Amino acid sequence: KAGVTQTPRYLIKTRGQQVTLSCSPISGHRSVSWYQQTPGQGLQFLFEYFSETQRNKGNFPGRFSGRQFSNSRSEMNVSTLELGDSALYLCASSLEGGGREAFFGQGTRLTVV
Amino acid sequence: KNQVEQSPQSLIILEGKNCTLQCNYTVSPFSNLRWYKQDTGRGPVSLTIMTFSENTKSNGRYTATLDADTKQSSLHITASQLSDSASYICVVSLKRGSGYALNFGKGTSLLVTP
């Protein structure tokens, strides 16, 4: 069974640009959550999608958005990039959400210059 | 203030030795408490997951304990190996709205030396 796949693995963008990250969950999983990981703050919850609906949202500005498609694949978009957005972005999939075990992808390393 | 605090921040031990990592949390009530292992540059991998009513859960050389009264959890690693060098993250899952929110500790960085 294939694991969680995130693309791209690495990305370099300049300030002010926007970026879209992709996450393909484990087959059959309907919940996809996104996290930002930085050395100073650790892992922080961005949002969770379940059956194409955002079910939960963390404390991030509106520049961070996402969506989920009917095949459960999810995308995360960050607009007007700032230097502080440089981080490892992880997605996790689970059958039904955070009450169940979540499986993480390898992450997308975003560097904003 | 973070609702999940881990200690120590970093730890160095000799190969073959045992160690214990601590996690204190304030979120309550919670759905489950998890320990993850994260190798550098990779995504976290689940080690154990415990519900409120469970006191201990083992996964090979990893044993997690939970004391819901004191809101403390520990992860004990037995007979450490070089491959145990990683960051260990304590995560508390909390019911929120129609879904769940995961509260993460900042992790303990473990280095196992020969």
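Basis of the calculations
Residues numbered from 1 in each chain as written. Chains lettered and ligands numbered in written order. Predicted model: local features only at pLDDT ≥ 70, side-chain atom pairs only at ≥ 80, totals over all residues. Heavy atoms only, no water. Helix = DSSP H or I, 4+ residues; strand = E, 2+ residues; numbered from the N terminus. Contact = heavy atoms within 4.5 Å. Pairing = 2+ DSSP bridges. Axes fitted to C-alpha atoms, helices over the stretch in contact; angles between N-to-C directions. Buried area = accessible area lost by both parts, 1.4 Å probe. Salt bridge = Lys/Arg side-chain N within 4 Å of Asp/Glu carboxyl O. Polar contact = N/O pair within 3.5 Å; in protein donor to acceptor, adjacent residues only side chain to side chain. Nonpolar A, V, L, I, M, F, W, Y, C, P; charged D, E, K, R; others polar. Phe/Tyr/Trp six-rings, centres within 6.5 Å; stacked < 30°, edge-to-face > 60°. Buried < 20%, exposed > 50% of the residue type's maximum accessible area, 1.4 Å probe, protein only.

Caption draft 1: Representation of the environment of Ile49 of chain B. One can find Ile49 of chain B in strand β5 (residues 45–51). Ile49 of chain B has contacts with Glu101 of chain A together with Asn32, Leu33, Arg34, Glu54 and Lys57 of chain B, leaving out every residue within four places of it along the chain.

Caption draft 2: Structural context of the sheet that holds strand β3 (residues 19–24) of chain A. Residues and elements named next belong to chain A. Spatially, 4 strands are ordered β1-β3-β8-β7 in an open sheet, and the strand pairing comes out antiparallel. Single-partner strands in this sheet number two, and they are β1 (5–7) and β7 (64–68). The average angle at which neighbouring strand axes cross in this sheet is 20 degrees, direction not considered. Pairing between β7 and strand β8 (residues 74–78): 5 bridges, direction antiparallel. Within β8, the position partnered with Gly66 by the bridge is Met76.

Caption draft 3: Representation of the interface of chain A and chain B. Each partner contributes residues to the interface: chain A has 23 residues there, and chain B has 21 residues. With both sides pooled, the region where chain A packs onto chain B buries about 1,800 Å², and carbon together with sulfur makes up 47% of that total. Summed over the shared surface of chain A and chain B, the result is 0 salt bridges. Viewed at the interface, chain B and chain A are joined by 4 residue pairs in polar contact (both at pLDDT 80 or more). Looking at the side of chain A that touches chain B, its residues break down into 7 nonpolar, 10 polar and 6 charged.

Caption draft 4: Broad picture of unusual backbone geometry. Put simply, Thr7 of chain A and Pro8 of chain A share a cis peptide bond, and its omega is -10 degrees. With respect to the element layout, Pro8 of chain A can be found in the loop between β1 and β2 (10–13). Residues Ser7 of chain B and Pro8 of chain B are joined by a peptide bond in cis, for which omega reads -10 degrees. With respect to the helices and strands, Pro8 of chain B occurs in the loop between β1 (4–7) and β2 (10–14).

Caption draft 5: Local environment of the sheet that holds strand β3 (residues 19–25) of chain B. Residue and element names in this part refer to chain B. If you trace the 5 strands from one edge of the open sheet to the other, you get β1-β3-β8-β7-β6, paired in antiparallel fashion. Each having just a single partner strand, β1 and β6 (56–59) make up the two edges of the open sheet. Each strand of the sheet is rotated relative to its neighbour by a mean of 15 degrees, with strand direction disregarded. Bridge count for β3 against strand β8 (residues 72–77) is 6 bridges, and the pairing is antiparallel. By the bridge assignment for β8, Thr20 is matched with His76.

Caption draft 6: Up close: the packing of aromatic side chains. Counted according to the given criterion, the structure contains 7 aromatic pairs over all chains. Ring geometry for Tyr35 of chain A and Phe104 of chain B: centres 5.1 Å apart, planes at 80 degrees, overall edge-to-face. Taken together, the positions of Tyr35 of chain A in strand β4 (residues 31–38) and Phe104 of chain B in strand β10 (residues 99–104) put the pair across two chains. Phe104 of chain B matches Tyr35 of chain A in its accessibility class, with the two residues each being buried. Here Phe104 of chain A and Tyr36 of chain B contribute two aromatic rings whose centre-to-centre distance is 5.3 Å and whose plane-to-plane angle is 90 degrees, an arrangement assigned as edge-to-face.

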